[in-house]
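Structure assessment
Here is how the chains run, residue by residue.
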Amino acid sequence: MAGSQGEAHSLRGPSDRPTLLAIRDLFNSEEPLATAAVDDILNPDVVNVQYSDGLLAAEWSRIDVQWTTRDDYKYHYTDAADVNVRWGKHPHNGDYVHVPGLEHYHPPPDASSNPSDVEDSCINQRPETLATRAVIKLWRTAYHAQSLDPLNAGKNPP
Amino acid sequence: MADTGDLDPFEDINQAVRDEWKAETTPYERVRAVISRTYTPTGVETLATDACTSPKTARKHLTALVDDGFVDTEPGAHGATLYYRSTESLVVEQAAAILSELSPEELRDRITDLREQVVDFQQTYGVESPEELTVERTNEVLDRSERERAIPDDETLREWQTTRRNLAFANAALSIANARKFVEPGAQSTDGTASPP
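None of these values were measured; they are calculated from a predicted model.

A few words now on the overall build of chain A. Looking only at helices and strands, one finds two helices and seven strands in chain A. The C-alpha atoms of chain A give a radius of gyration of 15 Å, which matches the 15 Å a tight globule of 158 residues would have. For chain A, the spread of C-alpha atoms along the three principal axes comes to 40 × 40 × 30 Å. The 158 residues of chain A split such that 63% are buried. Long-range contacts, defined here as pairs at least 24 residues apart, represent 44% of the contacts in chain A between residues at least 6 apart. For chain A, the computed accessible surface area is about 5800 Å², with 46% contributed by carbon and sulfur atoms. Side chains of chain A carry 13 positive and 23 negative charges; the gap between the two charge centres is 7 Å.

What follows is the structure in structure tokens.
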């Protein structure tokens, strides 16, 4: 089913307009370096979050967010240095051997979908406000640490 | 690059965002936010966990939201009540939100676009709805000519479902805009002149 190229698993259900708009508003109010917009105000499929800076040496970065009526999601990070990571939640038919539930993490540098590379996600909250706040906080932790390791570590030691 | 965001240490990202949300909101606001986008009937324990509150507090606020028409219920197992967002309430909310973003003229144009997209899907795949395709696939009762018909991938099916759903919101918005013309105070009277306020 899943190969090492791209991602063969689909999100379940249509994109959810009210949730996408709530996610847009949360990025805009919570993250000073981010400007978020939906691709189409009437029939949106994705929230594009443009950051004026990137992780490590990247000059800019972007997070693209999809969310469905059945609470499946993807938060895909990409940047000027072509580093990619993705937090996802959707069925994977047990292909991701290290992932007991639906929430998972495609690690850098290429957001690998190789079943043995995909990790269990450090984010396990259902409401979109909590998942989005977690992504915002993890980006910021990695930004301050100048490392990609915090993106799925789930903690920020003093 | 200017950086005005600060960051406190945290031991667990999930607890950190729950604490942050709790500090910014009341239990009622969180219960309302959670149920506003819960479309599958769900028990009070799950909703309380999602809303960072107790089942007792969640049930109190959900009961009030049922009375307001914001939430619907159905019976679950062992006498439990399951809660989900009222579809009527969601449609009216989205229609009002759309009218605050688009003029009725813009909305008419976009509705024409979205209708054409849905008709394109129907003609390309030879069925009225994405659900018919799913049923046909499951039953494996296709004859040869149907098997040779174009089969959309899962992302195309999702795009079809999404467009159809947002077209429904858009149609509701246009109906409300049309109704306003005749119902609002100061609306046109039958002889074509504005009625007194």
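A few words now on the interface of chain A and chain B. Each partner contributes residues to the interface: chain A has 48 residues there, and chain B has 46 residues. Summing both sides of the interface, chain A and chain B together bury roughly 4100 Å²; the carbon and sulfur share of this comes to 53%. The largest share of the area that chain A buries against chain B comes from Leu42(A), Arg126(A) and Lys137(A), three residues that together contribute 17% of it. Between Glu20(B) and Arg133(A) there is a salt bridge; the shortest N-O distance is 2.9 Å. The interface formed by chain A and chain B contains 22 residue pairs in polar contact (both at pLDDT 80 or more). Of all the secondary-structure elements, those providing two or more residues to the side of chain A that touches chain B are helix H1 (17-30) and helix H2 (128-145) of chain A. Among the elements that line the side of chain A that touches chain B, the one with the most residues is H2(A), at 11 residues.

Turning our attention to the environment of Leu157(B). Tracing the backbone shows Leu157(B) in helix H9 (residues 154-183). Separated by 36 residues in the primary sequence, Leu157(B) and Phe121(B) place their C-alpha atoms 9.0 Å from one another.

Another aspect to go through is the nonpolar core. Nonpolar side chains tend toward joint burial in soluble globular proteins. Counting residues in hydrophobic clusters, the biggest one holds 54 residues, and the most contacted among them are Phe27(A), Val49(A), Ile63(A), Tyr75(A), Trp87(A) and Ile123(A). With residues near it in sequence (within four places) discarded, Val49(A) still touches Phe27(A), Ala34(A), Thr35(A), Ala36(A), Ser61(A), Arg62(A), Ile63(A) and Val65(A).

Below, the discussion takes up the packing of H1(A) against helix H5 (residues 87-101) of chain B. As a packed pair, H1(A) and H5(B) sit with axes 11 Å apart at the nearest point and diverge in direction by 55 degrees. Comparing their axes, H5(B) and H1(A) come out oblique. Two packed elements cross with a definite hand, and for H1(A) against H5(B) that hand is left-handed. On H5(B), the residues touching Arg17(A), Pro18(A) and Arg24(A) of H1(A) are Leu90(B), Glu93(B), Gln94(B), Ala97(B), Ile98(B) and Glu101(B). A per-class count over the contact of H1(A) with H5(B) returns four nonpolar, one polar and four charged.

The subject of this paragraph is unusual backbone geometry. Residues and elements named next belong to chain A. Cis peptide bonds are those with omega within 30 degrees of zero, and the linkage from Pro108 to Pro109 qualifies with 10 degrees. Locating Pro109 in the fold gives a position in the loop between strand S6 (103-106) and strand S7 (119-120). In this structure, Asn93 takes a positive phi of about 55 degrees despite not being glycine. By the secondary structure assignment, Asn93 is in the loop between strand S5 (84-89) and S6. Non-glycine residue Ala111 carries a positive phi angle of around 50 degrees. With respect to the helices and strands, Ala111 occurs in the loop between S6 and S7. Given the relative accessible area of 5%, Ala111 is considered buried.

Conventions used here
- Residues numbered from 1 in each chain as written.
- Chains lettered and ligands numbered in written order.
- Predicted model: local features only at pLDDT ≥ 70, side-chain atom pairs only at ≥ 80, totals over all residues.
- Heavy atoms only, no water.
- Helix = DSSP H or I, 4+ residues; strand = E, 2+ residues; numbered from the N terminus.
- Rg over C-alpha atoms; globule rule 2.2 N^0.38 Å.
- Buried < 20%, exposed > 50% of the residue type's maximum accessible area, 1.4 Å probe, protein only.
- Contact = heavy atoms within 4.5 Å.
- Areas by Shrake-Rupley, 256 points an atom, 1.4 Å probe, with all protein chains shown as cover.
- Lys, Arg positive; Asp, Glu negative; His and termini not counted.
- Charge placed at Lys NZ, Arg CZ, Asp CG, Glu CD.
- Buried area = accessible area lost by both parts, 1.4 Å probe.
- Salt bridge = Lys/Arg side-chain N within 4 Å of Asp/Glu carboxyl O.
- Polar contact = N/O pair within 3.5 Å; in protein donor to acceptor, adjacent residues only side chain to side chain.
- Core = buried A, V, L, I, M, F, W, Y, C linked by side-chain atoms within 4.5 Å.
- Axes fitted to C-alpha atoms, helices over the stretch in contact; angles between N-to-C directions.
- Parallel < 35°, antiparallel > 145°, perpendicular 65-115°, else oblique.
- Left-handed = near helix turned anticlockwise from the far one by under 90°.
- Nonpolar A, V, L, I, M, F, W, Y, C, P; charged D, E, K, R; others polar.

Shape descriptors only; they carry no functional weight alone.
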